[in-house]
Amino acid sequence: MLSVVVGGLRARWTSFLGGFLALALGVGLLTATGLGLAAALDPPDRAPERFASSPVVVLGQDRLTVEVRRGPGTALVSRPLDRPQPVDAAVLGALRARWTLTENPAGPARPDAVGLDAPAERVRALVGDRAQVLTGAERRRADPGHERDGHELTGLHALLGTAGGVAAFVSVFVVASVFAFSVALRRREFGLLRTAGATPGQLRRLLLAEAAVLGVTASAAGCALGALAAPPMARALVAHGLAPGWFASGRFADTAGGGAGWPYHLAFWTGLGVALAGAAAAAHRAGRTGPVDALREADVDRDVLPPGRALLGAGLLAAGLGLLVWTYATAPEALLKRKTYTTLPMLLTGGAALLAPVLVRPAARLLPVPRGGAVGLLVRANGAAAVRRTAAVAAPVLVTVALAGTLFGASESVARAKETEARERTAAAYVAEGPRVALPARTPAGAVVSASGPTSLFVRDGAEALVKYPARAVADPAAFAALARLPVVAGDLRDLDDRSIVVNEEFERRRVGEEVEVWRADGSGPVRLRVAAVLARGTGDNGPYVTRAQAPGAPLDRLESDRPPASAGEPSAGEPPTVNRAARTGLRLLLVLVLLYTVIALASTLFMATSVRGGELASLRLAGATRVQALRAVTGEAVLAVVLGTVLGLGVTAAVLGALGAGLAALSAPVALAVPWAQTGAAAGVCAVVAVAASALPAWRLTR
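To start, this report covers the structure provided alongside it.

Definitions and cut-offs
Residues numbered from 1 in each chain as written. Predicted model: local features only at pLDDT ≥ 70, side-chain atom pairs only at ≥ 80, totals over all residues. Heavy atoms only, no water. Helix = DSSP H or I, 4+ residues; strand = E, 2+ residues; numbered from the N terminus. Buried < 20%, exposed > 50% of the residue type's maximum accessible area, 1.4 Å probe, protein only. Contact = heavy atoms within 4.5 Å. Areas by Shrake-Rupley, 256 points an atom, 1.4 Å probe, with all protein chains shown as cover. Salt bridge = Lys/Arg side-chain N within 4 Å of Asp/Glu carboxyl O. Axes fitted to C-alpha atoms, helices over the stretch in contact; angles between N-to-C directions. Parallel < 35°, antiparallel > 145°, perpendicular 65-115°, else oblique. Left-handed = near helix turned anticlockwise from the far one by under 90°. Core = buried A, V, L, I, M, F, W, Y, C linked by side-chain atoms within 4.5 Å. Pairing = 2+ DSSP bridges. 1 Å grid on protein atoms, 1.4 Å probe; cavity = no way out; pocket = protein on both sides within 12 Å on 5 of 7 lines; lining within 4 Å. Points joined across faces, edges and corners; volume = space filled by probe spheres on them. Nonpolar A, V, L, I, M, F, W, Y, C, P; charged D, E, K, R; others polar. Phe/Tyr/Trp six-rings, centres within 6.5 Å; stacked < 30°, edge-to-face > 60°. Expected span 1.5 Å × (residues − 1). Patch = residues over 30% accessible without salt bridge, like charges linked within 9 Å, V, L, I, M, F, W, Y side chains within 5 Å.

In this section: the overall build of the protein chain. Counting its secondary structure elements, the protein chain contains 19 helices and 15 strands. Every one of the 704 residues in the protein chain was classed for burial, and the buried ones make up 49%. A fraction of 80% describes how many contacts in the protein chain between residues 6 or more apart in sequence connect residues 24 or more apart. Total accessible area on the protein chain stands at roughly 31600 Å², and carbon and sulfur atoms take up 60% of it.

As a further point, take the pattern of salt bridges. In total, this model carries 14 salt bridges according to the counting rule given. Between glutamate 433 and arginine 558 there is a salt bridge whose closest N-O contact spans 2.3 Å. Taken together, the positions of glutamate 433 in strand β7 (residues 430-433) and arginine 558 in strand β15 (residues 558-561) put the pair 125 residues apart, joining distant regions of the chain. Take glutamate 433: its relative accessible area is 45%, and that puts it in the partly exposed class. Accessibility expressed as a relative area gives 16% for arginine 558, which makes it buried. The network of salt bridges with shared partners includes Arg460, Glu515, Glu517 and Arg528.

What follows is about unusual backbone geometry. Look at serine 668: it is not a glycine, yet its phi comes out positive at around 60 degrees. Structurally, the position occupied by serine 668 is in the loop between α18 (627-666) and α19 (677-702). By relative accessible area, serine 668 is classed as partly exposed at 47%.

For the rest of this paragraph, the subject is the packing of helix α10 (residues 307-330) against helix α11 (residues 338-354). Here α10 crosses α11 at 150 degrees, and the two axes come no closer than 7 Å. Regarding the angle of α10 to α11, the classification is roughly antiparallel. Note on packing geometry: the crossing formed by α10 with α11 is left-handed. Residues Arg309, Leu312, Gly313, Leu316, Leu317, Ala319, Gly320, Leu321, Leu323, Leu324 and Thr327 of α10 pack against Leu344, Leu347, Leu348, Gly350, Gly351, Ala352, Ala353 and Leu354 of α11.

Ranked by size, the top nonpolar core spans 31 residues in total, and within it Val166, Val170, Val174 and Tyr597 carry the most contacts. Looking at this core, the elements with two or more residues in it are α2 (13-41), α5 (146-185), α11, α14 (387-424) and α16 (581-611). Take this core: its biggest share by element is 10 residues, from α16. If we skip the residues at most four places from it in the chain, valine 170 touches Leu403, Val594 and Tyr597. Formed by 21 residues, the second largest nonpolar core is a distinct cluster that contains Ala402, Ala417, Val652 and Leu657.

Once that is clear, we can look at the sheet that holds strand β5 (residues 113-116). Whenever strands of a sheet pair, they do so through backbone hydrogen bonds, lying parallel or antiparallel. With respect to topology, four strands assemble into an open sheet ordered β4-β5-β1-β6, the strand pairing being antiparallel. The sheet is open, and its two edges are formed by β4 (101-102) and β6 (132-135), each paired on a single side. Where strand β1 (residues 56-59) lies against β5, four bridges are found, and the strand directions are antiparallel. Residue pairing across strands places leucine 59 opposite alanine 113, the latter belonging to β5. Across the sheet, helix α4 (residues 120-127) lies against β1, β5 and β6, angled at about 165 degrees from β6, the strand it touches most.

All right, on to empty space enclosed by the protein then. Throughout the structure, instances matching the rule amount to six cavities of 30 Å³ or more. If you add up the space inside the largest cavity, you get close to 90 Å³. Lining the largest cavity are Gly383, Arg389, Thr390, Val393, Leu606, Thr610, Arg613, Val634, Glu637, Ala638, Ala641 and Ser695. Contributions of two or more residues to the lining of the largest cavity are made by α14, α16 and α18. Tallying contributions element by element places α18 first for the lining of the largest cavity, with four residues. Taken together, the residues of the lining of the largest cavity break down into five nonpolar, four polar and three charged.

Before going further, it helps to examine the environment of glycine 350. By the element assignment, glycine 350 lies in helix α11. Remark: the alpha-carbon pair of glycine 350 and leucine 317, spanning 33 residues in sequence, is separated by 7.5 Å. Glycine 350 has contacts with Phe169 and Leu316, leaving out every residue within four places of it along the chain.

This brings us to the packing of aromatic side chains. For the coordinates displayed, the defined rule picks out three aromatic pairs. Judged by centre distance (4.4 Å) and plane angle (20 degrees), the ring pair of tyrosine 469 and phenylalanine 507 falls under stacked. Taken together, the positions of tyrosine 469 in strand β9 (residues 465-474) and phenylalanine 507 in the loop between β11 (500-504) and β12 (515-519) put the pair 38 residues apart, joining distant regions of the chain. Note on tyrosine 469: relative accessible area 10%, which makes it buried. A residue is classified by how much of its surface remains accessible, and phenylalanine 507, at 1% relative accessible area, is buried.

Turning to the pairing of strand β8 (residues 449-461), a few remarks are in order. Judged by how many residues are buried, β8 sits mostly within the fold: 10 of 13 residues are covered. When β8 meets β15, the two strands line up antiparallel, connected through four bridges. Note that in β15 the partner of serine 450 across the bridge is glutamate 560. Direction of pairing for β8 relative to β9: antiparallel, over a ladder of 10 bridges. Bridge pairing in β9 links phenylalanine 458 to lysine 468. Following β8, the chain reverses through three residues before pairing antiparallel with β9; glycine 462 in that reversal takes a positive phi of roughly 70 degrees. For β8 and β12, the ladder comprises two bridges, and the chain directions are antiparallel. Bridging from a neighbouring strand, phenylalanine 458 pairs with tryptophan 519 of β12.

A few words now on the packing of helix α6 (residues 187-195) against helix α7 (residues 200-239). In a pair of packed helices, the angle between the axes and the distance between the axes together describe the arrangement. Packing of α6 against α7 brings their axes to within 10 Å, and their N-to-C directions diverge by 135 degrees. In terms of orientation, α6 lies oblique with respect to α7. With respect to the hand of their crossing, α6 and α7 are arranged in right-handed fashion. Residue-level inspection shows Phe190, Leu193 and Arg194 of α6 in contact with α7, the latter providing Pro200, Leu203, Leu206 and Leu207. Of the residues assigned to the contact of α6 with α7, the class counts are six nonpolar, no polar and one charged.

The next subject is the pairing of strand β2 (residues 63-70). Across eight bridges, the pairing between β2 and strand β3 (residues 73-80) is antiparallel. Note that in β3 the partner of arginine 70 across the bridge is glycine 73. The loop that links β2 with its antiparallel partner β3 comprises two residues; one of these, glycine 71, has a positive phi angle of about 65 degrees.

Once that is clear, we can look at α11. Look at α11: 25 Å from first C-alpha to last across 17 residues, which is about the 24 Å you get at 1.5 Å a residue. Counting buried residues in α11 gives 13 out of 17 residues, a clear majority hidden from the surface.

With that out of the way, let us pick up the environment of serine 611. Take serine 611: it is sitting in helix α16. For serine 611 and leucine 697, which are 86 residues apart along the polypeptide, the C-alpha to C-alpha distance reads 9.4 Å. For serine 611, the contacting residues outside a window of four places in its chain are Pro698, Arg701 and Leu702.

Let us now look at a nonpolar patch on the surface. The grouping of Leu41, Trp262 and Leu266 at the surface amounts to a nonpolar patch, some 340 Å² of accessible area in total. Structurally, leucine 266 can be placed in helix α9 (residues 262-287).

By themselves, these figures tell us nothing about what the structure is for.
Listed below in structure tokens is the structure:
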């Protein structure tokens, strides 16, 4: 059996080249992203900076711990504070009485951390639970950049995880498509084997053995490729601001060189499993080939959608549409999150791709074909008759256009909605933003100036959870009410004072006049604040709002005025937030990845499909067609398939963006959908160029 398998692979290497490249690329990317995750999950021990010379650091509490209900009993839950609390005064006095402390002479009287040289156990016994005692690498928690590193790693985990998921999804699809189309082209070969006495089980084992050999070799090559690509990938991520600077250091090189073995195992066995899973359905179909198929010559496809594929495709499509509707009905704000508009389109795309053989025939008949006389009619007829070939070309184009449209369209639409909402939130003519914004020493007579800064509020949601809300603290409630144009659904902004709060519709208690129990950003509280007004949820940036009395130590970062302030720096016309640069770069990397897979799938499929059409092209020449006309017919069919895939991909994009627009409307947010014509057009254009080249080259050789 093995000699037969190896001989078949050697004889039909062009048929398996596309699957090999796609699988090796997918395994390589899984290896590289796995190594990146391994390095990110085990960051190097960085020396503390603020208290490098102190073996022990006493840090104020940096988490809020609240008791909540858990079933019949209670439990303690913690949430990180915006910044550590000052060290307790009694603790500070006791420490100063016993040891020499390392402090910032220009700092506040009660610092948030102090360093000392003393036995850690004695310090812990003295401090108790009133502060935290840090030693070793834990002392870095007192450094200012500690939280920033955590945020960078969180974004890096999301990017690498998404890239790995997309790689697995697309590689499964491409490998399964290549195997399925290869089996369809080998129908007569399998019929001859059945005539010679081969059993259905032997045909299935033959295909699975071919898939196993392909999977082992491609996975091994992919692991080697991933090990080589991981260090340059790390340097590129750091250069684009997607990872902290230490990510491309020697520690990552050690991880890629074998320090972490699980990414190699995960990628290799995933690649082998993808190859076997992709060949399983094709092997089942090959096993049903009868001896009479050796006599078939017609290219009109029959039984193009087996019941299993139809059921799976319909299930994925129904699941994707159902989840879109359910999310819109129950939690429309989730439609604005990257996790939602990254995963749900994959269900819709997978379902539409599986059902492509059913969709392409009516779509081919409905699409207008450019006038070309007999060539145009032949293109339309062949596209509708050779359903498997047309669907095999259209499906990867569908995946590329759908992912490009949904990922870029959803992210741009959310960013545009946030920008529009930010412009509509204020009536100020001048806005200054930045870390050094301060209230002007004097303002023009009659001018209204409102200053605010970021803070956080902790609210117990029901009795089971503690939620941290990003909030804004306003310096002058009257000026804030005069300039704000917030979407108020109940109450009045003018009622905001030091004992009240403006909430949004996400709050459990959101009736005007009700009291809300909150903890402040420094962990102090709880305090009970009266609800002065309720805002629509919007895109997530509408409130809550409090006064600076409930945000001790909150800096000012935004100054609004109806006239130019005398000393506010250079004013700006309220620049809205833009799309996160790191997120945009990550989406571009994903699009390049998907497009690369599509190029491999298109080139492989069309090369295989056109290479076996020698008899058909010879018949065209005998019927009077010129060589140029034959080439126009072949390339026209390829372009038609690309157009069909583009149309179906735009249909998936329309469904996702339509649900997103409905979700924005349900949240009372501006509906400003952005269709990424540039990205989808570029993806479709690249697919068309590759399709024409991959079909024209073998057709030119066959028509000589």
